[in-house]
Amino acid sequence: MKFTRRDFLQAAGAATVAGSLPTVAFSADNDIKLGSILDNSGNLDIYGKPMVLATRLAVDEINEAGGLLGRKIKLIQYDSQSDIALYTKYAQQLVREDKVDVVHGGITSASREAIRQTFRRSNTLYFYNVLYEGGVCDRNTVVTGTTPAQAVEPIVERAMKKWGKKVYVLAADYNYGQITAKWVSHYVVQRKGTVAKTDFFPLDVADFGSTIAKIQQEKPNWVCAALVGGAHMSFFRQWAASGMNKKIPLASTTFGVGNEHLALSPAEGDGILIAGNYSQESPLPANKQFLAVWQKKFGDTKIVHEIAVSQYQGIKLWAECVRKAGSAEREAVLKAIEAGASIQGPAGTVTIDAKTHHASLDINVMEVKNQKLTILETVKQQPPSDTARYCDLQKNPNENKQYEVDI
Amino acid sequence: MDYAGVVTLEILYMIAFLALTSAGLAIVFGMMRVINLAHGEFVMLGGYTSIACYNSGINIYFAMLLVAPVVVGLVGLIVEQSIIRFLYGRMIDTMLATWGLSLLLIGLVTLIFGNTAVSMPAPITGYQLGEYQMGGYNLFIILVTVALLIAMWAVLRFTRAGLIARGAMQGADVVSALGYDPRKVYMYTFSAGAALSGLAGGVLAPLTGLLPSSGGAYIAKAFITVITGGAAVISGTLSSAVILGTVNQLVSFASHPVIGEIAMLALAIILLRLMPTGITGRFFRDGT
Amino acid sequence: MRAWPSVGHIRWGWFLLATAILLLLPLVTDTHTPSVLLIWALFALSLGMMWGYAGLLSFGHAAYFGLGAYTYAVAVINIGESTVPLILSMLVPAAVAAVVGAMMFYGRISDVYMGVITLLVTLILFKFMSATAGDAYVIGGARLGGFNGMPGFHTLNVPGYPEISLFGLPTYYVCAAALLICYLVCRWILARSFGRVLVGIRENEARCELMGYNVPAFKTAIFTVCAAMAGLAGCLFANWAEIVTPRVFSLGQAAEVLIWVIAGGLGTLIGPILGAISLGYVKLLLGEQTLIDNSLILGAVLIIVVLGIPRGVVPALQGLWAAAGRRARGRAGSGQGARRTLGASKPEHT
């Protein structure tokens, strides 16, 4: 009997069956299961890798302190390899096979939207701990990252006072950049300034030569750069290479999130104004302790950035709500969340706003100096005002939508 | 008037960028018909090498112009001996293996350097052109590219090594007839191509935020430039770099960088349609 | 001497066995993973058919996969019911492919130059789609979304009944049916003289042309058909992922499908299918660990596969089994056995 290709279909089919059978989890039945999907490899790993480490740190810290309600937390971590198809796949896996009690995951907005509905349909509590464009109104989802309104207002205020009224806006061409640009315009115009021009750049654009020339034509007082990712880093380099960093000042709401300030030399980076939730230079005791523990566990603290800290804070916040509720069950935890939970994290106080399920956060206006983010002033507990315009989960608890902020 | 100067310089820079990043691929593909999908990663390695050297205190020009090409050339040698050597004539398998190689290199670099963006400052400051601030470093890149192309042409035209290389382009039996082992010639050619890619990466490092995944940005454009250029290594790469670079920047200035890129890609399609064997399949056929 | 087995010959026994396995798979395992593996298999089949049998190497086949996905999303948001969008998701890529194909083949573009042009097409689509995040980029009622992608559209429903949506298990059966039907279509094409001409074009294009066949027309035709299949895969992928992002057009996606076809085995129909299923599954498995960087592992695996298994998994293993068969028959009887082994050593076209 000749062996043919058909035999392989059989063999491959058998292999697939064997492989996709649910793996037996060797853990105590009593464990609370925390699922996480993050990009630990691929293009987005600059954001994902530190977040994965922060997740592990948070879970280990809780377990070492005795666990949650006397139970250990079991972490189930998946690497979506910067491929959105894997987000969908692992979300299903977390729900159907691993049967987790909560998920902390997602980095880009696309990845969040790809999995949010899966968790809502299966009533699995979902925490999204990354800064984003705002507007998600979903009782099953809690967001602990900053939204544009929180960070943009302080920075526009400060930049206009320091430098002047005419602004040139550069933004990443996707929803976060688009909406941030709208908020910048909104606050600039509110303070009687003008936006000379707004330019959008898809995430893979790395050549800004023509843009730099155009900016010089417009002669703004300062430039607001809501740029994201590795390719956009080139803007800051090319800006400095042409000597423009001495001529026109820069402000950004995204610079530093991926530790970009480490990549620029002091001569290039000094003077850039940033507004965000976290700075490693923060004198808060919670921050010092966090960095010390990180140093002991993982070694290099250089890679700690804002969204790694957000992820850590998100998990700690969830743990606090579980303790208050006395149970890891979704409805009980949601009640605790809506009662106004709050923790002290490395980036300050994190308080959940019951209406929007977003967080009020301390916003630091920082200046890049010597490759560090020096804090100039701190605005405490900025509320998530952009999402609050549209979203009231206490009035409409069945809401399930992402509003596009329209100003 | 100043603005015209700015645009011209940006065009020259884009031409240099395309020619510089494609030179290595032009040698490897043009002379050996090997499709090296890890070409972008060789460029990336050159960048990391020069940044690592700079951070350890080595003079920046030394790091960019000498250490980067030498190191990546060595890497190319190792790659050729361990992988490519077994796959000559098997274009498809080479594609698969070099794609695997590119993933492997990305993984290795991530392991060694981590994955936060690294960079080094440009050693040359900006200057004033009328009303505009210009990047001084761009001029350096243009100069390096011109020097490189002249050097390549001189080597191919006037040296014995160049003669052997051109013989190898025609066929392996030509080289054997001359008394040289074609396998050794291929080995040196591949290393030379890798070294050039490393040089490109090293020289471009001060203008980018380098990540392990940065290679992907170079491979597509380099591939398109080389194929559109056609069989001749130098005149082909140069002519397609000139045409594509000019269109890219003119359209970018007129509207937006994205439209500029799309226009460049569309133009490449038109060029390939009109000249199916590349520009130097039709013109400059006797050129190098 | 035996005649060469027909390229279009279907071994019905094995085919029905495969169908049975696909039918019964849901009884033993969750269908979410198998669905996407089948979608990727269909995508790989569409490239493998074109490349393996007609010799057309497209570096940018992802363009038609992506067009299928986006067409479905845009159409279903505007129409509301999924039957027409499903058909459109095959017609639009086919139309684009017809134009691109005609442009290339009537211009005598071939081998690596065709590869580059097809790559350019998918890159242009990628760059364009990535830049469509603004409010202005709408088709009818559908925001294109740029890098954010298009989430939350209506998934496939029973034709005529928009409220009954196919989700979960039915989606799996749709994917399985699509793969099986497309496989049969490919076989059927290969069984006709159309298929013979394609193989002839692959073997020696000049000779086919001298024999009077309109080679560009044949090439454009198969290019169009394979683009339609890729579009169908894209539509199913959009339904599985419930979001469409520009990544479907990316260099990464285009390279992935090439790798699946090569690893599985060029020149067969089942090779690309198995290549996609196995490598796709490896990718999913790798994501379950975060200790070692996954690019490193996948890269090493690919290099080892190429150096160790030159012609692709399927032909290599076939060769092994054919050799084993030869040895077994050689023992059975010298004369007759020898004659049959001669026949057995001829490469099979399946």
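To be clear, the structure that these remarks concern was listed above.
Residues numbered from 1 in each chain as written. Chains lettered and ligands numbered in written order. Predicted model: local features only at pLDDT ≥ 70, side-chain atom pairs only at ≥ 80, totals over all residues. Heavy atoms only, no water.

### Examining the overall build of chain A
For the record, the criterion: Helix and strand assignments come from DSSP, with helices taken as H or I runs of at least 4 residues and strands as E runs of at least 2, each series counted from the N terminus. Just to be clear, the radius of gyration here is over C-alpha atoms, and the globule rule we use is 2.2 Å times residues to the power 0.38. Burial status follows relative accessibility: with a 1.4 Å probe on protein chains alone, a residue under 20% of its type maximum counts as buried, one over 50% as exposed, and anything between as partly exposed. Note on contacts: a residue pair qualifies if any of its non-hydrogen atoms lie within 4.5 Å across the two residues. Computed by Shrake-Rupley with a 1.4 Å probe, the accessible areas treat only the displayed protein chains as cover when residues are assessed. The charge count treats Lys and Arg as positive and Asp and Glu as negative. His and the chain ends do not count. Charged groups are reduced to one reference atom each: NZ for lysine, CZ for arginine, CG for aspartic acid, CD for glutamic acid.
In terms of regular secondary structure, chain A is built from 14 helices and 16 strands. For 407 residues, the compact-globule estimate of 2.2 N^0.38 gives 22 Å, and chain A sits close to it at 22 Å. C-alpha extents for chain A along the principal axes are approximately 75 × 65 × 45 Å. Counting all 407 residues of chain A, 64% fall into the buried class. The long-range fraction of contacts in chain A, counting pairs at least 24 apart against all pairs at least 6 apart in sequence, stands at 71%. Within the structure as shown, chain A displays about 13,500 Å² of accessible surface, and the carbon and sulfur contribution to it stands at 52%. Counting 47 positive and 42 negative side-chain charges, chain A places the averaged centre of each group 1 Å from the other.

### Topic: a nonpolar patch on the surface
Here is the rule we go by: The residues that make up patches have over 30% relative accessible area and no salt bridge, and they are joined within 9 Å when like-charged or within 5 Å when they are Val, Leu, Ile, Met, Phe, Trp or Tyr. Here a salt bridge means any side-chain nitrogen of Lys or Arg lying within 4 Å of a carboxyl oxygen belonging to Asp or Glu.
There is a patch of nonpolar side chains on the surface, built from Ile-58, Phe-62, Leu-66, Val-70 and Leu-74 of chain B and spanning about 440 Å² of accessible area. Judged by its relative accessible area of 49%, Leu-74 of chain B falls in the partly exposed class.

### With respect to helix H4 (residues 109-121) of chain A
Residue and element names in this part refer to chain A. As a reminder, the rule being used: Helices are assigned an expected span. That span is 1.5 Å times one less than the residue count.
With 13 residues, H4 should cover 18 Å at 1.5 Å per step; its first-to-last C-alpha distance of 19 Å lies within 8% of that length. Here H4 lies mainly inside the structure; 10 of its 13 residues are buried. Asn-123 sits one or two positions beyond H4 and adopts a positive phi of about 55°.

### Looking at the interface of chain C and chain B
We apply this condition: Polar contact is defined as a pair of N or O atoms within 3.5 Å, subject to the rule that within protein one atom must be able to donate a hydrogen and the other to accept it, and that residues adjacent in sequence are counted only when both atoms are side-chain atoms. Note on residue categories: nonpolar means Ala, Val, Leu, Ile, Met, Phe, Trp, Tyr, Cys or Pro, charged means Asp, Glu, Lys or Arg, and polar means any other residue, Gly included.
On the side of chain B, 42 residues touch chain C, which itself brings 38 residues to the contact. Across the contact surface, chain C and chain B share 1 salt bridge. A salt bridge links Lys-127 of chain C to Glu-261 of chain B, with the shortest nitrogen-to-oxygen separation between them at 3.0 Å. For the interface between chain C and chain B, the tally reads 2 residue pairs in polar contact (both at pLDDT 80 or more). Those elements giving two or more residues to the side of chain C that touches chain B turn out to be helix H5 (111-130), helix H10 (251-264) and helix H12 (294-308) of chain C. If you tally residues by element for the side of chain C that touches chain B, the top one is H5 of chain C, at 11 residues. Taken together, the residues that form the side of chain C that touches chain B break down as 32 nonpolar, 3 polar and 3 charged.

### Section: the interface of chain C and chain A
Heads up, the condition is: Buried area is calculated as the accessible area (1.4 Å probe) missing from two parts once they are joined, with the contributions of both summed.
Facing 61 residues of chain C, the contacting portion of chain A comprises 51 residues. Around 5,000 Å² of area is buried between chain C and chain A when both sides are counted, 58% of it from carbon and sulfur atoms. At the surface where chain C touches chain A, the tally comes to 5 salt bridges. Glu-242 of chain C is the partner of Arg-121 of chain A in a salt bridge, and the nearest nitrogen-oxygen pair spans 3.2 Å. Inspection of the region where chain C meets chain A yields 7 residue pairs in polar contact (both at pLDDT 80 or more). Residue assignment for the side of chain C that touches chain A shows that the elements contributing at least two residues are helix H1 (12-24), helix H2 (32-54), H5, helix H6 (169-191), helix H9 (215-241), helix H11 (270-286), H12 and helix H13 (313-332) of chain C. Ranked by residue count, the leading element in the side of chain C that touches chain A is H11 of chain C, at 7 residues. Of the residues that constitute the side of chain C that touches chain A, the class distribution is 32 nonpolar, 16 polar and 13 charged.

### Focus: helix H5 (residues 136-158) of chain B
Over its 23 residues, H5 of chain B runs 33 Å from end to end, which matches the ideal 33 Å to within 8%, given 1.5 Å per residue. Taken as a whole, H5 of chain B has its buried residues at Gly-136, Tyr-137, Asn-138, Phe-140, Ile-141, Ile-142, Val-144, Thr-145, Leu-148, Leu-149, Met-152 and Leu-156 of chain B.

### Structural notes on the sheet that holds strand E6 (residues 141-143) of chain A
Residue and element names in this part refer to chain A. Counted only if it meets this: Two strands qualify as a pair provided that DSSP identifies no fewer than 2 bridges between them. Axis angles are defined between N-to-C directions and span 0 to 180 degrees, where every axis is a line fitted to C-alpha atoms and, for a helix, only to the segment in contact.
The strand order across the open sheet built from 5 strands is E2-E1-E3-E4-E6, with neighbouring strands paired in parallel fashion. Of all the strands in the sheet, the pair left with one neighbour each is strand E2 (73-79) and E6. Strand-to-strand twist of the sheet, defined as the mean angle between neighbouring strand axes without regard to direction, takes the value 20°. Pairing between strand E3 (residues 102-104) and strand E4 (residues 125-128): 3 bridges, direction parallel. Counterpart to His-104 in the pairing with E4 is Phe-127.

### Regarding the packing of H2 of chain C against H6 of chain C
All names here are of chain C. Rule in force here: Small angles under 35 degrees read as roughly parallel and large ones over 145 as roughly antiparallel, with 65 to 115 read as roughly perpendicular and the rest as oblique. Note on convention: near helix rotated counterclockwise from far helix by under a right angle means a left-handed crossing. Clockwise means right-handed.
Running from N to C, H2 and H6 cross one another at 15°; their axes reach a closest spacing of 8 Å. Considering their axes alone, H2 and H6 lie roughly parallel with respect to each other. The crossing of H2 and H6 is left-handed. Across from Pro-34, Ser-35, Leu-38, Ile-39, Ala-41, Leu-42, Leu-45, Met-49 and Tyr-53 in H2, the residues of H6 making contact are Thr-171, Tyr-172, Cys-175, Ala-176, Ala-178, Leu-179, Cys-182, Tyr-183, Cys-186, Ile-189 and Leu-190. Of the residues assigned to the contact of H2 with H6, the class counts are 18 nonpolar, 2 polar and no charged.

### Observations concerning the state of the cysteines
Formally: Cysteine sulfur atoms that pair up within 2.5 Å are treated as a disulfide.
Under the defined criterion, the tally for this structure stands at 1 disulfide over all chains. Sulfur-sulfur distance for the disulfide between Cys-137 of chain A and Cys-391 of chain A comes to 1.8 Å. Every disulfide takes its handedness from the sign of the S-S torsion; for Cys-137 of chain A and Cys-391 of chain A that torsion is 85°, giving right-handed. Of the two residues, Cys-137 of chain A sits in strand E5 (residues 136-138) while Cys-391 of chain A sits in the loop between helix H14 (385-388) and strand E16 (400-402), which places them 254 residues apart along the sequence. Of the residues examined, Cys-137 of chain A reaches a relative accessible area of 0% and is grouped as buried. Overall, the relative accessible area of 2% leaves Cys-391 of chain A in the buried class. Not engaged in a disulfide, the cysteine Cys-235 of chain C finds its nearest cysteine sulfur in Cys-175 of chain C; these two sulfurs lie 9.3 Å apart.

### Observations concerning the packing of helix H3 (residues 60-82) of chain B against helix H8 (residues 182-204) of chain B
For any two helices packed against each other, the geometry comes down to the angle between their axes and how far apart the axes lie. Residue and element names in this part refer to chain B. In contact at an axis separation of 7 Å, H3 and H8 are set at 140° when each is read in the N-to-C sense. On the basis of their axis angle, the class for H3 and H8 is oblique. Viewed along their axes, H3 and H8 form a crossing whose handedness is right-handed. Counting all contacts with H3, which are made through Met-64, Leu-65, Ala-68, Pro-69, Val-72, Gly-73, Gly-76, Leu-77, Val-79, Glu-80 and Gln-81, the residues of H8 involved are Tyr-186, Met-187, Phe-190, Ser-191, Ala-194, Ala-195, Gly-198, Leu-199, Gly-202 and Val-203.

### Considerations on the nonpolar core
Let me state the cut-off plainly: Here, nonpolar core refers to any group of buried Ala, Val, Leu, Ile, Met, Phe, Trp, Tyr and Cys residues whose side-chain atoms link them within 4.5 Å.
One finds Phe-235 of chain A together with Tyr-64 and Phe-237 of chain C to be the most contacted residues of the largest nonpolar core, which totals 282 residues. In terms of residue count, the dominant contributor to this core is helix H1 (residues 2-32) of chain B (20 residues). Tyr-64 of chain C has contacts with Pro-93, Val-96, Ala-97, Val-100, Val-121, Phe-223, Ala-227, Ala-230 and Gly-231 of chain C, leaving out every residue within four places of it along the chain. Counting residues in each nonpolar core, the second largest holds 41 residues, with Ile-32, Leu-68, Ile-315 and Val-350 of chain A among its members.

### Description of the pairing of strand E1 (residues 32-38) of chain A
Residues and elements named next belong to chain A. Note the threshold: Throughout, right-handed denotes a crossover for which the path from the first strand over the helix to the second runs clockwise when the strands point away from the viewer.
The element E1 is largely enclosed, with a buried count of 6 among its 7 residues. Two elements, E1 and E2, share 7 bridges in a ladder whose sense is parallel. Within E2, the position partnered with Ile-37 by the bridge is Tyr-78. For the crossover that starts at E1, traverses helix H2 (residues 45-64) and ends in the parallel E2, the hand is right-handed. Alignment of E1 against E3, held across 2 bridges, turns out to be parallel. Bridge assignment links Gly-35 to a residue of E3, and that residue is Val-103.

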